[in-house]
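Below are the chains, spelled out letter by letter.
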Amino acid sequence: MAAAVAFIQGCAQAPVAGASAPSDASVASHVAAATRSAGSDLGALLALCKPAPSTRPAQAELDRSLTALIDKPAPPPGKAFDNLYFVGADWVSAWALKTSDGIILIDALNNQVEAAALIEGGMRKLGLDPAQIKYVVVTHGHGDHYGGVPYLAQKYGARVVMSEADWTMTETRLEFATPIWGAPPKRGPRDLSVKDGDRLTLGDTTVTLYLTPGHTMGTLSPVFDVRAGGQVHRAMLWGGTSFNFGNNVPRLGSYIDATRRMGTLAQAQKIDVLVSNHSGFDGSQAKLAALRQQPAAANPFVLGTPTVERALNAMGECAQAQRDRFAMQK
């Protein structure tokens, strides 16, 4: 890998001195703060403010819910920017980042069937060649993101990129195991274990991979440049969003710290695009539909840096509300 490593220290913030103990009032305060940050345009993120279950779902419940989500008809693939393409399913997203020397695929959906139909098929519909996939970045070690990886890696010789924490998790004890997902990738000698701040360079494009633990302890949030209409924008793909890990206060603390840190980074790097690996959070399907209808209009994926900061703050405030709920259960 033509890569340069630049480790960025985390900027976790300590609790505010004199902060009140977790209570119904503190939960309501954080929800109110998240609602203010979300405003009228980021309301989808407020789903995070709803109470999360204190335990993980039972196997039968997990399988039923995943089957229902996977069975939803897939949206058409779409071009978000001149170099970034959506090739995902209804519920879970995959993104193809085109470079001068091939394609970096970010996530690979639930299984081989989706990888073939939606990623390969979607890329061909968009004029991209799946044989140009050189890397598959797995944002985190859940099967809706790694399920199609073994098929694509074997077929095209693509190198798999994941954090060490999530490589270890997928190689030892999966957080969520179900036959509905494809098996996790097996780490090969050409695959990459990345650390916070590592840079993956392919051709004219560099992706910086930031560790944003919480959703899993090895979640990666890639940051890279996108282009549209001759303009360059800085994009962040938030790598893991929901609180589906049960009552784990320290893990929510990691999530909160990650949103604060990345909010600071967004301001410093003028990040003005925020996308997700689940379209329910970033509205990517509606935005792609708008681009198809009015390709000459302003790109709806370009939010502006203040809006990206608001989104991260809303997620962090919802996490603080949930942390307080769990802390009161102990």
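Residues numbered from 1 in each chain as written. Predicted model: local features only at pLDDT ≥ 70, side-chain atom pairs only at ≥ 80, totals over all residues. Heavy atoms only, no water.

Asker: Account for the overall build of the chain, naming residues and giving values.
Answerer: When helices and strands are counted, the chain shows ten helices and twelve strands. In terms of overall dimensions, the chain is globule-like: its C-alpha atoms have a radius of gyration of 19 Å, near the 20 Å expected for 330 residues. Buried positions account for 53% of the 330 residues belonging to the chain. For the chain, the proportion of contacts with a sequence separation of at least 24, taken over those separated by at least 6, is 72%. The distance from the centre of the 30 positive side-chain charges to the centre of the 28 negative ones in the chain is 1 Å. (Helix = DSSP H or I, 4+ residues; strand = E, 2+ residues; numbered from the N terminus. Rg over C-alpha atoms; globule rule 2.2 N^0.38 Å. Buried < 20%, exposed > 50% of the residue type's maximum accessible area, 1.4 Å probe, protein only. Contact = heavy atoms within 4.5 Å. Lys, Arg positive; Asp, Glu negative; His and termini not counted. Charge placed at Lys NZ, Arg CZ, Asp CG, Glu CD.)

Asker: Tell me what's going on with the pairing of strand E11 (residues 231-238), and back it up with residues and numbers.
Answerer: Burial of E11 is extensive: six of the eight residues sit out of reach of the surface. Both strand E10 (residues 220-228) and E11 contribute to a ladder of six bridges, which runs antiparallel. Paired with Asp225 across the bridge in E11 is Arg234. Remark: two residues form the turn of the hairpin made by E10 and E11, two consecutive strands paired antiparallel; Gly229 in that turn has positive phi of roughly 60 degrees. For E11 and strand E12 (residues 271-276), the ladder comprises five bridges, and the chain directions are parallel. Looking at the pairing, Arg234 lines up with Ile271 of E12. (Pairing = 2+ DSSP bridges.)

Asker: Any chance you could break down helix H3 (residues 112-125) for me, citing the residues and the numbers?
Answerer: Compared with an ideal rise of 1.5 Å per residue, which puts 14 residues at 20 Å, H3 spans 18 Å between its outermost C-alpha atoms and is within 8% of the ideal. Of all the residues in H3, the buried ones are Glu114, Ala115, Leu118, Ile119, Glu120, Gly121, Gly122 and Met123. Looking at the packing, one finds that the buried side of H3 touches helix H2 (59-70), strand E4 (102-106), strand E5 (133-137) and helix H5 (149-156). One side-chain oxygen of the residue at the start of H3 lies 3.2 Å from the amide nitrogen of Val113, identifying that residue as Asn111. Looking at the residues trailing H3, positive phi occurs at Gly127, about 85 degrees. (Expected span 1.5 Å × (residues − 1). Polar contact = N/O pair within 3.5 Å; in protein donor to acceptor, adjacent residues only side chain to side chain.)

Asker: Lay out the side chain of Glu175 with the relevant residues and their values.
Answerer: Relative to the helices and strands, Glu175 is located in the loop between helix H6 (164-171) and strand E7 (192-194). Residue Glu175 is classed as buried on the basis of its relative accessible area of 17%.

Asker: Quick one: what's the story with the confidence of the model for the chain, residue by residue and with numbers?
Answerer: Per-residue confidence for the chain gives a mean pLDDT of 94; residues scoring 70 or more make up 94%. Counting contacts from residues 1-18, a segment whose pLDDT is below 50, to residues more than four positions away or on other chains yields 26 contacts. (pLDDT = per-residue confidence, 0-100.)

Asker: Which residues make up unusual backbone geometry, and what values do they have?
Answerer: Positive phi, close to 65 degrees, is recorded for Leu109, a residue that is not glycine. With respect to the helices and strands, the residue Leu109 is situated in the loop between E4 and H3.

Asker: Explain the sheet that holds strand E3 (residues 95-99) to me, and be specific about the residues and the numbers.
Answerer: Within the open sheet, the seven strands sit side by side as E1-E2-E3-E4-E5-E6-E7. Their pairing is mixed. The two strands at the open ends of the sheet, each matched to only one other strand, are strand E1 (78-81) and E7. The mean inter-strand angle of the sheet, taken between neighbouring strand axes irrespective of direction, is 25 degrees. Inspection of the sheet shows E5 paired to strand E6 (residues 159-163) by three bridges, in the parallel sense. Residue pairing across strands places Tyr135 opposite Arg159, the latter belonging to E6. Strands in contact with H6 are E6 and E7; relative to E6, the strand with the most contacts, it is inclined by about 100 degrees. Most of the contacts of helix H9 (residues 284-293) go to E1, to which it runs at about 90 degrees, and overall it touches E1, strand E2 (84-86) and E3. (Axes fitted to C-alpha atoms, helices over the stretch in contact; angles between N-to-C directions.)

Asker: If you had to explain the sheet that holds E11 to someone new, which residues and values would you point to?
Answerer: Taken in spatial order, the five strands line up as E8-E9-E10-E11-E12 in an open sheet, and their pairing is mixed. Strand pairing shows two members of the sheet lacking a second neighbour, strand E8 (198-202) and E12, which therefore form its edges. For this sheet the average axis-to-axis angle between neighbouring strands, irrespective of direction, equals 30 degrees. Both strand E9 (residues 205-211) and E10 contribute to a ladder of four bridges, which runs antiparallel. Its bridge partner being in E10, Leu211 is matched across the sheet by Leu220. Contacting E9, E10, E11 and E12, helix H7 (residues 249-269) crosses the sheet at an angle of about 175 degrees to E11. On the sheet, helix H10 (residues 305-329) packs against E11 and E12 and is oriented at approximately 45 degrees with respect to E12.

Asker: Can you lay out the environment of Pro222 for me, pointing to particular residues and giving the numbers?
Answerer: Structurally, Pro222 can be placed in strand E10. With relative accessibility at 0%, the residue Pro222 sits in the buried group. For the pair Pro222 and Met315, spaced 93 residues apart in the sequence, the C-alpha separation amounts to 17 Å. Discounting chain neighbours no more than four positions away, the residues touching Pro222 are Ile106, Thr139, Val207, Thr208, Leu209, Ala235, Met236 and Leu237.

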